[in-house]
Amino acid sequence: MVLTLVLAPLLLITLAGALQLGALRVVAARVRAAADLAALVAVNDQDDVELARSGTLRLSADAVEVAREYFARELGLSSTLLGSAADEVAAAADIAAYPAAPAHDARTGARYDRPTVRIAARVPVKTPVFGALAFRPVTTIDVLSVSSPR
Amino acid sequence: MKRRAAASVFAVLLLCSSPALAWDPSREDGGDARPEVEREPDPAPFIAPPPGIYYVTDTYVADVVTSTGALTTYSTTTVHESTGSYARVLDTVGTGASSAFDGSAFNGRRTLGDGRSVAGTYYENYVLDAGGFVPVSIVFFQDDAEVARLLSGTPISGVNTPAPSIPATASATPRPFGTTCCATQRPVVPIPSPTLAPIRPRISLVPLGAPLATLEVLRGRAVSLYPRAFVGDREVPVRAWTVIAGDAGEALVTAGSGVVPFRTSWRHLAPPGAAFDVVFRIEVDTPETGHRTVAAAIGVVVRSPALER
């Protein structure tokens, strides 16, 4: 009886922590998918004038705006899990477009051989169980997504 | 009692029986063979001709020499009828070549303007009598042509002879045309060679866009390709175009007039490092170019947005 009273809270805390950790991984996957989809959509938007002129693919001039818009839209589907508004997260994201290749990314140090869109964002995610357990109630997930036509 | 009844039934069945008449398809005995029908002798028995001899269905009529402009054609007219004769090929000779049968043909062998014998084929005719195939004659079927030599001095219809130009001299004294010193010489008539201006085919994404040799397109993205043609720096209208080779993608039509583009899209990617080479046949028909066709090719690289890791 005493052993049960002692171990039961410990088991419940462990179980709650495991569930929160699993939920966090699911949310992280959704946030990463949101960034990937936004980058793909931005790359899929090409500059038709440049294509007619040179026959080569080149990113549209508004590729950054397109990527940010779609990143916010995708995050909005998981708004209840986010620690802040999806629009704010997308607005704060570091989104860069490299219309012509080759290009060098100063943030990541990567070299891009094709027109590329890169999204780097810090997405706050609610972790209430962690907060109840004396951890932070909001956990920040870093996402990085890079897309180019291949 | 039972034995009597059984014997009675058997006797009744035996009396009522009759022979079965059935046809046996596999029966091969000659018991029912029909009597041999007496055949009448063939009034005209077929005699197979020897190898090389065939039955004549087109009969020689005459030698024909026709002239069209500078071209003189030597041919032979025939009539599609059979005289019951046979023939075989003796010799086929080319222009100027001699044959062992020269002089033996009843219609002779003509010569070209330069004295060479015309080309053609010698045939030997046969008739079939009681003794077999008997040769009766040799005929020469001429088949040749020549372009009249322009040194003959005779005017040739269809050829524009430019008037000789008078060279400008310092004294401005007009020279007499056709001096006596050259009257006996045959005038050399320069013939302008029919050189046609080269047509440069081009392909662009817009009607007045830059010509493209390669094109990058996104997978599934609809594009319009405009086959165009240039003579020098000037664009000439395209009468029609046709995709004659390469992967045309998801195009609904692969041919069209010059005013419509080639619309297509590609839903699959080429192998890494490769491209789809699309070849057009562009047809041009203008007074400047005449009716000509040229080929134009464009390499299409299909790409798809992908994630980098």
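Going by the structure above, here's the rest.
Throughout what follows, the structure given in this document is the object of discussion. (Residues numbered from 1 in each chain as written. Chains lettered and ligands numbered in written order. Predicted model: local features only at pLDDT ≥ 70, side-chain atom pairs only at ≥ 80, totals over all residues. Heavy atoms only, no water.)

1. Section: the overall build of chain B
(1) Moving on: If you tally the helices and strands in chain B, you get one helix and 17 strands.
(2) Moving on: Taking all 309 residues of chain B together, the buried fraction comes to 28%.
(3) Moving on: By element, 58% of the accessible surface of chain B is carried by carbon and sulfur atoms, the whole surface being about 21,000 Å². (Helix = DSSP H or I, 4+ residues; strand = E, 2+ residues; numbered from the N terminus. Buried < 20%, exposed > 50% of the residue type's maximum accessible area, 1.4 Å probe, protein only. Areas by Shrake-Rupley, 256 points an atom, 1.4 Å probe, with all protein chains shown as cover.)

2. Some thoughts on the sheet that holds strand 13 (residues 255-257) of chain B
Residues and elements named next belong to chain B.
(1) Moving on: Spatial ordering of the open sheet is given by 9-16-15-12-13, a layout of five strands whose pairing is mixed. Every other strand in the sheet has two partners, leaving strand 9 (214-218) and strand 13 as the edge strands with one partner each. With strand direction ignored, the average angle separating the axes of adjacent strands in the sheet is 30°. (Pairing = 2+ DSSP bridges. Axes fitted to C-alpha atoms, helices over the stretch in contact; angles between N-to-C directions.)

3. Overview of the pairing of strand 15 (residues 276-286) of chain B
Residues and elements named next belong to chain B.
(1) Moving on: Side-chain alternation along strand 15 places F276, V278, F280, I282, V284 and T286 on a buried face and D277, V279, R281, E283 and D285 on a face that remains uncovered.
(2) Moving on: Where strand 12 (residues 240-245) meets strand 15, five bridges bridge the pair, whose relative direction is antiparallel. When the sheet's bridge partners are listed, W241 is paired in strand 15 with I282.
(3) Moving on: Relative to strand 16 (residues 290-303), strand 15 is paired through eleven bridges, and the arrangement is antiparallel. Its bridge partner being in strand 16, F276 is matched across the sheet by V300.
(4) Moving on: Between strand 15 and strand 16, which pair antiparallel in sequence order, lie three residues.

4. Things to note about the side chain of B:R228
All names here are of chain B.
(1) Moving on: Summarising the element assignment, R228 is placed in strand 10 (residues 223-231).
(2) Moving on: A polar contact of 3.0 Å, which involves the side chain of R228, links it to the side chain of S204.
(3) Moving on: A polar contact of 2.6 Å, which involves the side chain of R228, links it to the backbone oxygen of G209. (Polar contact = N/O pair within 3.5 Å; in protein donor to acceptor, adjacent residues only side chain to side chain.)

5. A closer look at the environment of A:A33
(1) Moving on: Locating A:A33 in the fold gives a position in helix 1 (residues 2-44).
(2) Moving on: On a C-alpha basis, the gap between A:A33 and A:F71 in space is 9.5 Å, while along the polypeptide they are 38 residues apart.

6. Re helix 3 (residues 63-76) of chain A
Residue and element names in this part refer to chain A.
(1) Moving on: For helix 3, spanning 14 residues, the distance from its first C-alpha to its last is 20 Å, which sits close to the expected 20 Å at 1.5 Å a residue.
(2) Moving on: Every buried residue of helix 3 is listed here: A63, V66, A67, F71, A72 and L75.
(3) Moving on: Structurally, helix 3 contributes buried residues whose contacts are with helix 1, helix 4 (86-92), strand 1 (94-98), strand 4 (116-126) and strand 5 (138-149). (Expected span 1.5 Å × (residues − 1). Contact = heavy atoms within 4.5 Å.)

7. Side note on the packing of helix 1 of chain A against helix 3 of chain A
Residue and element names in this part refer to chain A.
(1) Moving on: Put simply, helix 1 and helix 3 touch, their axes get as near as 8 Å, and they point 150° apart. Here helix 1 lies roughly antiparallel to helix 3, going by the angle between them. Of the two possible hands of crossing, helix 1 and helix 3 adopt the one that is right-handed. On the side of helix 1, the interface is formed by V31, A34, A35, L37, A38, V41 and A42, while helix 3 contributes A63, V66, A67, Y70, F71, E74 and L75.
(2) Moving on: Considering only residue class, the contact of helix 1 with helix 3 consists of 13 nonpolar, no polar and one charged. (Parallel < 35°, antiparallel > 145°, perpendicular 65-115°, else oblique. Left-handed = near helix turned anticlockwise from the far one by under 90°. Nonpolar A, V, L, I, M, F, W, Y, C, P; charged D, E, K, R; others polar.)

8. Points about the layout of surface pockets
Residues and elements named next belong to chain B.
(1) Moving on: In this model, the second largest pocket occupies a volume close to 250 Å³.
(2) Moving on: Among the elements of the structure, strand 1 (54-55), strand 2 (59-68), strand 5 (120-129) and strand 6 (132-142) are those that each provide at least two residues to the lining of the second largest pocket.
(3) Moving on: Classifying every residue of the lining of the second largest pocket gives nine nonpolar, six polar and one charged. (1 Å grid on protein atoms, 1.4 Å probe; cavity = no way out; pocket = protein on both sides within 12 Å on 5 of 7 lines; lining within 4 Å. Points joined across faces, edges and corners; volume = space filled by probe spheres on them.)

9. Observations concerning the side chain of A:E50
All names here are of chain A.
(1) Moving on: Examined against the element boundaries, E50 turns out to sit in helix 2 (residues 48-54).
(2) Moving on: One polar contact links E50 to R53, side chain to side chain, over a distance of 2.9 Å.
(3) Moving on: Ignoring anything within four residues of it in the chain, the contact list for E50 reads G55, T56 and R58.

10. Description of the pattern of salt bridges
Between side chains of opposite charge, pairing is possible as soon as their charged atoms come close.
(1) Moving on: Counted according to the given criterion, the structure contains 17 salt bridges over all chains.
(2) Moving on: The partner of B:R200 in a salt bridge is B:D233, with the nearest N and O atoms 4.0 Å apart. Placement of the pair is B:R200 in strand 8 (residues 199-204) and B:D233 in the loop between strand 10 and strand 11 (234-236), with a sequence separation of 33 residues.
(3) Moving on: Each of A:D94, A:D105, A:R107 and A:R118 takes part in salt bridges that share partners, so that together they form one network. (Salt bridge = Lys/Arg side-chain N within 4 Å of Asp/Glu carboxyl O.)

11. Focus: the packing of aromatic side chains
For any pair of aromatic rings, geometry is given as the distance between the ring centres together with the angle between the planes.
(1) Moving on: Across all of its chains, the model carries ten aromatic pairs over all chains by this definition.
(2) Moving on: Considering the side-chain rings of A:F130 and A:F135, the 6.1 Å spacing of their centres and the 70° angle between planes classify their relative orientation as edge-to-face.
(3) Moving on: Since its relative accessible area comes to 16%, A:F130 is described here as buried.
(4) Moving on: Relative to B:F280, the ring of B:F262 lies with its centre 5.4 Å away and its plane at 75°, an arrangement referred to as edge-to-face. Taken together, the positions of B:F262 in strand 14 (residues 262-264) and B:F280 in strand 15 put the pair 18 residues apart, joining distant regions of the chain. As far as burial versus exposure is concerned, B:F262 and B:F280 are alike and both buried.
(5) Moving on: Through a chain of ring-to-ring contacts, three or more aromatic side chains come together here, namely B:Y55, B:Y86 and B:F133.
(6) Moving on: Here the guanidinium or amino end of A:R73 rests over the ring plane of A:Y70, the centre of that ring lying 5.2 Å away. (Phe/Tyr/Trp six-rings, centres within 6.5 Å; stacked < 30°, edge-to-face > 60°. Lys NZ or Arg CZ within 6 Å of the ring centre and 35° of its normal.)

12. Section: the sheet that holds strand 17 (residues 305-308) of chain B
(1) Moving on: Taken together, four strands build an open sheet; the order of strands is 1(A)-4(A)-5(A)-17(B) and the sheet is antiparallel. This sheet does not close on itself; its edge strands, each paired only once, are strand 1 of chain A together with strand 17 of chain B. Pairs of neighbouring strands in the sheet enclose a mean axial angle of 25°, with direction left out of account.
(2) Moving on: Taken together, the four bridges between strand 5 of chain A and strand 17 of chain B define a ladder with antiparallel strand orientation. Paired with A:S148 across the two strands is B:A306, which belongs to strand 17 of chain B.
(3) Moving on: Strands strand 4 and strand 5 of chain A together with strand 17 of chain B of the sheet are contacted by helix 1 of chain A, whose axis makes an angle of about 30° with strand 5 of chain A.

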